[in-house]
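# Geometric and topological summary
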Amino acid sequence: MAAVTQSIDVNVPVSTAYNQWTQFESFPHFLDEVEEIRQVDDTTNHWRVKIGGAERQFDTVITEQLPDERVAWKSVAGDTEHAGVVTFHRLSDAETKVTVQLEWAPSDALEKIGSVFGLDDHAVKKDLENFKKFIESQGAETGAWRGEVDRGETV
């Protein structure tokens, strides 16, 4: 498995950053490779991504979600195997550190080479920079889901 950890400080309150991250269908606005996310239910999402010209589709399930703290997920079906967590750390009333940790299994030679050369790190860093621009330019979240998902509730 390849692993990536990247962080960024955003100039919004922790609740704003967290609330925006729970709006999975908005991810195409700031995650470059994401073409579409369809939220199936409170914990399941169907993703359609395009990486290096290849389209992939997969489902993820939220394995843990704690308001203003963390959202964790794992893939459960489809063209890719990965898991991750995004955490939110209050730096001040108006600033938040967002950290993404992602583990994924490169599925072909091109993805394995890209991982060796750090292209996955670069992609996650760029996506976080895009998130920062998106949420700071909006000034407020586009929606929120404040429910909790405890580790014991998921598949």
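## Re the side chain of Ser26
Structurally, Ser26 can be placed in the loop between helix H1 (14–21) and strand E2 (34–39). A polar contact of 2.7 Å, which involves the side chain of Ser26, links it to the backbone oxygen of Gln23. Beyond its immediate stretch of four places on either side in the chain, Ser26 contacts Gln20 and Thr142.

## Quick notes on the sheet that holds strand E6 (residues 82–92)
Spatial strand order, E1-E7-E6-E5-E4-E3-E2: seven strands in an open sheet with antiparallel pairing. Of all strands in the sheet, those with a lone pairing partner are strand E1 (2–10) and E2, marking the two edges. Between one strand and the next, the sheet's axes are offset by a mean angle of 20°, whatever the strand orientation.

What counts, and at which threshold
- Residues numbered from 1 in each chain as written.
- Predicted model: local features only at pLDDT ≥ 70, side-chain atom pairs only at ≥ 80, totals over all residues.
- Heavy atoms only, no water.
- Helix = DSSP H or I, 4+ residues; strand = E, 2+ residues; numbered from the N terminus.
- Polar contact = N/O pair within 3.5 Å; in protein donor to acceptor, adjacent residues only side chain to side chain.
- Contact = heavy atoms within 4.5 Å.
- Pairing = 2+ DSSP bridges.
- Axes fitted to C-alpha atoms, helices over the stretch in contact; angles between N-to-C directions.

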